[in-house]
Amino acid sequence: MSCPDRIVDYMHDYLDEEITESNKQELKQHLQACPDCEQHFRELEKAIAFVQSTSHIKAPDGFTAGVMAKLPQEKKRLKMGRWFKRHPLLSAASLFLMLMTGSIFSTWNEDQEFSVSKQPNLVVENGTVTVPEGEVVKGDVVVRNGKLNIEGQVQGDVTVINGEKYLASAGQVTGEIEEVNEVFEWIWYHIKEAASNAASLFEGEEKDQSLQ
Amino acid sequence: METIVKRRIKQMIKGDQNAYEEIVELYRDKVFQLCYRMLGDRYEAEDIAQEAFIRAYINIKSFNQNLKFSSWIYRIATNLCIDRIRKKKPDYYLDAEVPGTEGLNMYSQVSADTARPEVELESLELRDEVQKQIAMLPEKYRSAIVLKYIEELSLNEISEILDLPLGTVKTRIHRGREALRQQLKNV
């Protein structure tokens, strides 16, 4: 049996949903009359149904992570910007920390100049501070970036920052002696000082209250 | 959905990688499925599908934003699959002995599929058979058939993805259908 070639074309047009109405009618009539073509058409439909029936599969776990890990590095600026947006508290904290360290180091650098606490009987010469023999210096002595030579007596604490201290055998210090040389020790010294200031402030308040 | 995708693509062009993550999430199943049906192997499909997303990311600046992103990623994936099929020479066989072992072959290395109920077995076998028949199609028919019947795309989209005239796409689908008819007639 020889069927016109166009019948198979019509079948495909039909399956593509692109068949004209008149061709559709012709196809219909032919399929009703011709069992071979009808079988051909059924087989095509069956094949399509089979292909469509293959279940929809999903990408394996970790697929997206795998892609993201293999992408080229993005610009640092964006990464940081996003991080800051996501962690506002941490950004604020880190900014604070940055400014704090900055200011501490700049104070440290400013402090490179020689200075000494003011007591009338201290002798200052070429960056060396001397407590003269037989003299009594009252109050705490602080020397920055210089040498301290104690031959007499100091009634109070002695602190030498970034310098050297020499205590003569005849010299005497009633309070504590402290030497600060490294940056971190220096910071620690400041913290302790701030803490003791604060403590004395509270003590002062307490005293005020007890007076009232 | 396309508007979200367009917005994400703009962010991506500015260099924001996280915007791309969402796009990958949206299309990964479809792209993986396309690759799986083209290649017939899960590991290869995952490899190629990931590669497609990476290439899309790298070349995003050449993507014409007036077109659909899906068409573009499908095109990249299809081309990669076809390259892979053409280059494919089996570099290992599952029943080859693993070096340094006795009687241990690659089958024993591949983890067994999780147990499935008996009832599903029959349809599973049928599915495997259909997959096998799809894999036997010449690649030019295969890509057209997979895009049409598994990804359920229109002929126009397929012609855009494959970069072929509509008439050629139709011919390929017709021939693919005829080939499948022959192969699946007795299943």
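Preceding this paragraph is the structure being described.
Here is what the cut-offs are and how they apply
Residues numbered from 1 in each chain as written. Chains lettered and ligands numbered in written order. Predicted model: local features only at pLDDT ≥ 70, side-chain atom pairs only at ≥ 80, totals over all residues. Heavy atoms only, no water. Pairing = 2+ DSSP bridges. Helix = DSSP H or I, 4+ residues; strand = E, 2+ residues; numbered from the N terminus. Axes fitted to C-alpha atoms, helices over the stretch in contact; angles between N-to-C directions. Left-handed = near helix turned anticlockwise from the far one by under 90°. Contact = heavy atoms within 4.5 Å. Nonpolar A, V, L, I, M, F, W, Y, C, P; charged D, E, K, R; others polar. Buried < 20%, exposed > 50% of the residue type's maximum accessible area, 1.4 Å probe, protein only. Patch = residues over 30% accessible without salt bridge, like charges linked within 9 Å, V, L, I, M, F, W, Y side chains within 5 Å. Areas by Shrake-Rupley, 256 points an atom, 1.4 Å probe, with all protein chains shown as cover. Salt bridge = Lys/Arg side-chain N within 4 Å of Asp/Glu carboxyl O. Phe/Tyr/Trp six-rings, centres within 6.5 Å; stacked < 30°, edge-to-face > 60°. Lys NZ or Arg CZ within 6 Å of the ring centre and 35° of its normal. Parallel < 35°, antiparallel > 145°, perpendicular 65-115°, else oblique. Polar contact = N/O pair within 3.5 Å; in protein donor to acceptor, adjacent residues only side chain to side chain. Expected span 1.5 Å × (residues − 1). Arc of directions from axis to C-beta.

K.L.:
So what about the pairing of strand β6 (residues 147-150) of chain A? Which residues, and what values?
P.N.:
All names here are of chain A. Where strand β3 (residues 128-131) meets β6, four bridges bridge the pair, whose relative direction is parallel. What sits directly across from Thr128, in β6, is Lys147. Inspection of the sheet shows β6 paired to strand β9 (residues 164-167) by four bridges, in the parallel sense. Bridging from a neighbouring strand, Lys147 pairs with Glu164 of β9.

K.L.:
For the packing of helix α1 (residues 2-13) of chain B against helix α2 (residues 17-39) of chain B, give the residues involved together with the corresponding values.
P.N.:
Residue and element names in this part refer to chain B. Axis separation between α1 and α2 bottoms out at 8 Å; the angle between their running directions is 140 degrees. Crossing handedness for the pair α1 and α2: left-handed. For the pair α1 and α2, the contacting residues are Glu2, Val5, Arg8, Ile9, Gln11 and Met12 in the first and Ala19, Tyr20, Glu22, Ile23, Leu26 and Tyr27 in the second. Of the residues in the contact of α1 with α2, the class split is eight nonpolar, one polar and three charged.

K.L.:
How would you summarise the side chain of Ser71 of chain B if you had to cite specific residues and measurements?
P.N.:
Residue and element names in this part refer to chain B. Along the chain, the position of Ser71 falls in helix α4 (residues 69-87). On the accessibility criterion, Ser71 (5% relative accessible area) is buried. Beyond its immediate sequence surroundings of up to four residues, Ser71 is in contact with Glu157, Glu160 and Ile161.

K.L.:
Kindly report on a nonpolar patch on the surface, identifying the contributing residues and their values.
P.N.:
Together, Trp83, Phe84 and Leu90 of chain A line one region of the surface with nonpolar side chains, adding up to about 300 Å² of accessible area. Counting through the fold element by element, Phe84 of chain A comes out in helix α5 (residues 76-86).

K.L.:
Can you tell me about the sheet that holds strand β5 (residues 141-144) of chain A, naming the residues and giving the values?
P.N.:
The sheet built from four strands is open, its strands ordered β1-β5-β8-β11 (chain A) with mixed pairing. Among the strands making up the open sheet, the edge pair consists of β1 (115-116) and β11 (177-180) of chain A.

K.L.:
Explain the environment of Phe84 of chain A residue by residue, including any values.
P.N.:
Residue and element names in this part refer to chain A. Given the relative accessible area of 37%, Phe84 is considered partly exposed. For the pair Phe84 and Ser94, spaced ten residues apart in the sequence, the C-alpha separation amounts to 10.0 Å. Those residues in contact with Phe84 that sit more than four places away from it in its chain are Ser91 and Ser94.

K.L.:
Now, about the packing of aromatic side chains: what can you tell me, with residues and values included?
P.N.:
Residues and elements named next belong to chain B. For the coordinates displayed, the defined rule picks out eight aromatic pairs over all chains. Ring geometry for Tyr20 versus Tyr57: centroids 5.2 Å apart, planes at 50 degrees, classification tilted. Taken together, the residues Tyr20 in helix α2 and Tyr57 in helix α3 (residues 42-58) connect sequence positions 37 residues apart. Accessibility classification places Tyr20 together with Tyr57 in one group, the buried group. Ring geometry for Phe32 against Tyr36: centres 6.4 Å apart, planes inclined by 10 degrees, an arrangement best described as stacked. One end of the pair, Phe32, and the other, Tyr36, are both in helix α2, four residues apart, so they sit about a helical turn from each other. For the pair formed by Phe32 and Tyr36, the shared burial category is buried. Three or more aromatic residues link up through ring pairs in this structure, and these residues are Tyr27, Phe63, Phe69 and Trp72. Here Arg42 stacks its cationic end above the ring of Tyr36, 5.5 Å away from the centre of that ring. Its end group placed over the ring of Tyr149, Lys148 keeps NZ or CZ at 5.7 Å from the ring centre.

K.L.:
Lay out the packing of α2 of chain B against α4 of chain B in plain terms, naming residues and giving numbers.
P.N.:
Residue and element names in this part refer to chain B. Running from amino to carboxyl end, α2 crosses α4 at an angle of 40 degrees, the nearest separation of the two axes being 10 Å. On the basis of their axis angle, the class for α2 and α4 is oblique. The interaxial crossing formed by α2 with α4 has right-handed handedness. Judged by residue contacts, Tyr20, Ile23, Tyr27, Lys30, Val31, Leu34, Cys35, Met38 and Leu39 of α2 engage Phe69, Ser70, Ile73, Tyr74, Ala77, Thr78, Cys81, Ile82, Arg84 and Ile85 from α4. In terms of residue class, the contact of α2 with α4 is made up of 15 nonpolar, two polar and two charged.

K.L.:
Requested: an account of the sheet that holds β6 of chain A, with residues and values cited.
P.N.:
Residues and elements named next belong to chain A. Spatial ordering of the open sheet is given by β2-β3-β6-β9, a layout of four strands whose pairing is mixed. Single-partner strands in this sheet number two, and they are β2 (123-125) and β9. Recorded for the sheet is a direction-independent mean angle of 15 degrees between the axes of neighbouring strands.

K.L.:
Describe in detail the interface of chain B and chain A, supporting the description with residues and values.
P.N.:
Each partner contributes residues to the interface: chain B has 42 residues there, and chain A has 38 residues. Our enumeration of links across chain B and chain A arrives at three salt bridges. Lys170 of chain B is paired through a salt bridge with Glu18 of chain A; the nearest N and O atoms lie 2.6 Å apart. Remark: the boundary between chain B and chain A carries 16 residue pairs in polar contact (both at pLDDT 80 or more).

K.L.:
Provide a residue-level description of α1 of chain B, including the pertinent values.
P.N.:
All names here are of chain B. Taking 1.5 Å per residue as the helical rise, α1 with its twelve residues ought to reach 16 Å, and the 16 Å between its terminal C-alpha atoms agrees with that figure. Regarding α1, the residues found buried are Val5, Arg8, Ile9 and Met12. Viewed along the axis of α1, the buried residues span an arc of 105 degrees, placing them on a single side of the element. Where the residues of α1 are buried, they touch α2, α3 and α4. Positive backbone phi, at 110 degrees, marks Gly15, one or two positions downstream of α1.

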